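Summary of the model geometry
Listed here are the chains, written in short residue letters.
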Amino acid sequence: MCSNGVNTNQLKSTIKQIDDEVALMRRWTHQLYHLADGGQMPKTAAKLQEIQGAFDDIRALLTDAGDLADEDDEALVDVKLV
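Counting of residues starts from 1 at the beginning of each chain's written sequence and follows it residue by residue. Side-chain atom pairs in this predicted model are given and counted only at pLDDT of 80 or more, local residue features only at pLDDT of at least 70, and totals for whole chains, interfaces and linings cover all residues. In computing side-chain values, all of the structure's heavy atoms are included and hydrogens and water are not.

The next subject is the confidence of the model for the chain. Interpretation of this model should avoid reading the predicted coordinates in detail wherever pLDDT is low. Predicted confidence across the chain gives a mean pLDDT of 89, with 84% of residues reaching 70 or more. Values of pLDDT, ranging from 0 to 100, describe the predictor's confidence in every residue of the model. Each helix is a run of H or I in the DSSP string that is no shorter than four residues. Each strand is a run of E no shorter than two, and both are numbered from the N terminus. When mean pLDDT is compared element by element in the chain, helix α1 (residues 8–38) scores highest at 96, while strand β1 (residues 2–3) scores lowest at 53.

Negative charge collects at one region of the surface, where D64, D67, E71 and D72 lie side by side. Here D67 is to be found in helix α2 (residues 42–76). Excluding any residue in a salt bridge, patches collect residues exceeding 30% relative accessible area, merging like charges within 9 Å and nonpolar Val, Leu, Ile, Met, Phe, Trp and Tyr side chains within 5 Å. Each accessible area is a Shrake-Rupley estimate made with a 1.4 Å probe; only the visible protein chains count as cover when residues are assessed. When a carboxyl oxygen of Asp or Glu lies within 4 Å of a side-chain nitrogen of Lys or Arg, that pair is called a salt bridge. Asp and Glu count as negative and Lys and Arg as positive, but His and the ends of the chain are not part of the count. A charged residue contributes its charge at one atom only: NZ of Lys, CZ of Arg, CG of Asp or CD of Glu.

With that settled, the discussion passes to the side chain of D19. With respect to the helices and strands, D19 occurs in helix α1. Note on exposure labels: buried denotes an accessible area under 20% of the residue type's maximum, exposed denotes more than 50%, and partly exposed covers the range between, all computed with a 1.4 Å probe on protein chains only. The exposure class of D19 is buried, given its relative accessible area of 11%. Not counting residues within four places of it along the chain, the set of residues in contact with D19 comprises R59 and L62. We call two residues in contact when some of their heavy atoms are within 4.5 Å.

Inspection of every chain in the model, using the stated rule, returns five salt bridges. Note that D20 is salt-bridged to K16, the shortest N-O span being 2.7 Å. Linking D20 with K16, this pair stays in helix α1, spanning four residues, or about one helical turn. Residue class for D20 comes out partly exposed when judged on its relative accessible area of 37%.

With that settled, the discussion passes to the environment of I51. With respect to the helices and strands, I51 occurs in helix α2. A sequence separation of 18 residues divides I51 from Y33, and the C-alpha atoms of the two residues are 9.6 Å apart.

Turning our eyes to something else, we now look at unusual backbone geometry. Glycine aside, residues mostly have negative phi angles, and peptide bonds mostly take the trans form. Although it is not a glycine, Q40 sits at a positive phi angle of roughly 60 degrees. Positionally, Q40 belongs in the loop between α1 and α2.

A word on the environment of D56. Within the secondary structure, D56 sits in helix α2. The partly exposed category is assigned to D56, whose relative accessible area is 36%. Spatially, the C-alpha atom of D56 lies 8.3 Å from that of A23, the residues being 33 residues apart in sequence.

Dropping the structure here:
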């Protein structure tokens, strides 16, 4: 639905695209973590593991943003009886 000049479906679709990109970066970071961990680089592995957690947090926030877009859209709908 398009409310207040914003196409909610397009907004949610773009949020999903960003989530997909973050998921890909998280997978790459996970692979690098295993490389560093197996290569006896504990400090690097720990930092990469921390980054994975940050990506998880970002994905949760993106999910929340998508849900809130629906809520905001519903709040903008003005129903009038005729």
